[in-house]
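# Working through the structure, step by step
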Amino acid sequence: MKTHHDHYDVLVAGGGQAGLVAAIVAAEKGARVCVLEGAPRTHRGGNTRHTRNLRPMHLGPLSVLSGTYDEEEYWEDLLRVTKGKTNEKLARMTLRKSTEAVDWLESRGVQFQPPLGGTLHLGRTNAFFMGGGKQLLNALYRHAEGLGVEIHYDAMVTGITLEDGAFKSLNVGDQTITATAFVAAAGGFEANIEWLKEAWGEVAENFLIRGTPYNRGTLLRMLLDAGVQQIGEPDQCHAVAIDGRAPKFDGGICTRVDCVSLGIVVNENAERFYDEGEDFWPKRYAIWGRLVADQPNQVAHVIIDQKAKGGFMPPVFPAVVADTIPELAEKVGIDPVQLEKTITEYNAAVQPGSFDHTELDGLHTKGLAVNKTNWARTIDHPPYSAYSLRPGITFTYLGVEVSEKAQVQMASGQECPNVFAAGEIMAGNVLGQGYLAGIGMTIGNVFGRIAGSEAADYALNR
């Protein structure tokens, strides 16, 4: 790789949504901008490739979004999943600025569509990209190139130099590149199994990485080693339950299993271990990766009957199907006697009520060690189906601390005057734990716009 210049106004590491948005904003302000994407062109865009939507605050209908999703409701949703592990000042700023995200993207060629059906319930809260994350990326890359942004692929950062907290240069292989301002948008470390094992222990060997294999945390490690302030914990991540047949890396969103709330989940001992009906799927699906990770051999199985068919988005792999519960147990490799006992006890505990998966219907079980609090229907209508589950890591929350201006903070307490961050590498400022569907893209969009604007202003002495 050889860049066109040795010096830029703004240098961006990372070619996902956050990095591209930062590059576009900086270029629109007149800066000379270069984007370094560590992946090859065919796999450009990090985890943005696998996304489907973002979650914007809106006061009234907006584009493909219906109704209103105001700051207080959004904040309460975020508070519920993070259990208070969030920087309220940065989080509320993110929510407020997210009102601009859809218009900003649409004006730069990104198209949206109404949400698909199933169990997501996101028509009011989430704006879906027509064509998914790849369409989003293609539109942003086209727009960036039209502005003259220089883009390089297979350009993984191999070294970075900070002096007194200020960015001086970085290396890509044997080339040294300097810039007046730098934006770090190179993702987390979810594809670095050895780093995951430092936090999780040997069980991390069993994790599947739903996201890109190129997010190994190289730049993050360099920044932390250079004295940048760490935010978040290394064992906090966006971890969902995905089909156990998914590939080790890059399986994407199509490997997620969305029928948990419509059935029951058992571990390899054929025992239930958590409330499958705790809350709507978009607010709770991201807890299931961690829950499965805590089970024996990091394996679980979701069991549904024919009543659940058509009520969820089917994953890419077909279900294991059988006419009887013992036969289903044999096929997935768990004890038939115990699974039949578990389901018999569950069915007997289901209380009368009306099933309505569009709301918290209160249809629950009573008297079990682990009760199901909503959408509890008996499993008694064959044929029966099962999906085996494993933890699927999408992205990690350990990152760098930033200010409201997306400025990176040093452990010494000073601000980096010309280093900014956006996307996964700083998402832990808002997401200390838990996840809301679409909020990762919201954080990337908001902080991408802030980082690009601040970097350009710094570089151009504004």
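For the structure, see preceding data.
Structural notes, computed from the coordinates. (Residues numbered from 1 in each chain as written. Predicted model: local features only at pLDDT ≥ 70, side-chain atom pairs only at ≥ 80, totals over all residues. Heavy atoms only, no water.)

Here the idea is simple: oppositely charged side chains can pair when their charged atoms come close. Following the criterion strictly, the structure yields 24 salt bridges and no others. It is possible to trace a salt-bridge network through shared partners that takes in Glu71, Glu72, Glu88, Arg92 and Arg96. (Salt bridge = Lys/Arg side-chain N within 4 Å of Asp/Glu carboxyl O.)

The subject of this paragraph is the sheet that holds strand β4 (residues 112-113). The three strands are arranged β3-β5-β4 in an open sheet whose pairing can be described as antiparallel. This sheet does not close on itself; its edge strands, each paired only once, are β3 (53-54) and β4. Pairing of β4 with strand β5 (residues 127-129) involves two bridges; the strand directions are antiparallel. Bridging from a neighbouring strand, Gln113 pairs with Phe128 of β5. (Pairing = 2+ DSSP bridges. Helix = DSSP H or I, 4+ residues; strand = E, 2+ residues; numbered from the N terminus.)

On to the pairing of strand β2 (residues 33-36), then. Neither face of β2 is exposed, since Val33 and Val35 on one face and Cys34 and Leu36 on the opposite face are all buried. As paired strands, strand β1 (residues 7-13) and β2 are joined by four bridges and run parallel to one another. Along β2, the bridge assignment pairs Ala13 with Leu36. Assessed by its sense of winding, the connection that carries the chain from β1 through helix α1 (residues 17-28) to β2 is right-handed. Note: β2 against strand β6 (residues 150-152), three bridges, orientation parallel. Looking at the pairing, Leu36 lines up with His152 of β6. (Buried < 20%, exposed > 50% of the residue type's maximum accessible area, 1.4 Å probe, protein only. Right-handed = clockwise from strand over helix to strand, strands pointing away.)

In this section: the state of the cysteines. Within the structure shown, the criterion is met by zero disulfides. Note on Cys254: no disulfide assigned, nearest cysteine sulfur contributed by Cys259 at a separation of 15 Å. Taking relative accessible area as the criterion, Cys254 reaches 40% and is therefore assigned partly exposed. (Disulfide = S-S within 2.5 Å.)

Another point: the side chain of His58. The topology assignment puts His58 in the loop between β3 and α2 (71-82). A polar contact is formed between the side chain of His58 and the backbone oxygen of Gly60, at a distance of 2.8 Å. (Polar contact = N/O pair within 3.5 Å; in protein donor to acceptor, adjacent residues only side chain to side chain.)

Attention now moves to the packing of helix α3 (residues 88-97) against helix α12 (residues 439-459). Contact geometry for α3 and α12: axes closest at 9 Å, N-to-C directions at 90°. Judged by the inter-axis angle, α3 sits roughly perpendicular to α12. Taking contact as the criterion, the partners of Leu90, Met93, Thr94 and Lys97 in α3 are, on α12, Thr442, Ile443, Val446, Phe447, Arg449 and Ile450. Of the residues in the contact of α3 with α12, the class split is six nonpolar, two polar and two charged. (Axes fitted to C-alpha atoms, helices over the stretch in contact; angles between N-to-C directions. Parallel < 35°, antiparallel > 145°, perpendicular 65-115°, else oblique. Contact = heavy atoms within 4.5 Å. Nonpolar A, V, L, I, M, F, W, Y, C, P; charged D, E, K, R; others polar.)

With that out of the way, let us pick up the environment of Ala459. Along the polypeptide, Ala459 turns up in helix α12. As a C-alpha pair, Ala459 and Gly188 span 271 residues in sequence and 26 Å in three-dimensional space. Residues within four places of Ala459 in sequence aside, it is in contact with Asp9, Val10, Thr180 and Ala181.

Note the cis peptide between Pro382 and Pro383, where omega equals 5°. Note that Pro383 resides in the loop between α11 (336-349) and β16 (384-396). Non-glycine residue Ser63 carries a positive phi angle of around 50°. Its identity as a non-glycine residue notwithstanding, Lys83 has a phi of 55°, on the positive side. Within the element layout of this structure, Lys83 appears in the loop between α2 and α3. With a relative accessible area of 60%, Lys83 lands in the exposed category.

Within the secondary structure, Gln407 is located in strand β18 (residues 407-409). A distance of 3.1 Å separates a polar atom in the side chain of Gln407 from the backbone oxygen of Cys416. Gln407 has contacts with Glu401, Val402, Glu415, Cys416, Pro417, Val419 and Phe420, leaving out every residue within four places of it along the chain.

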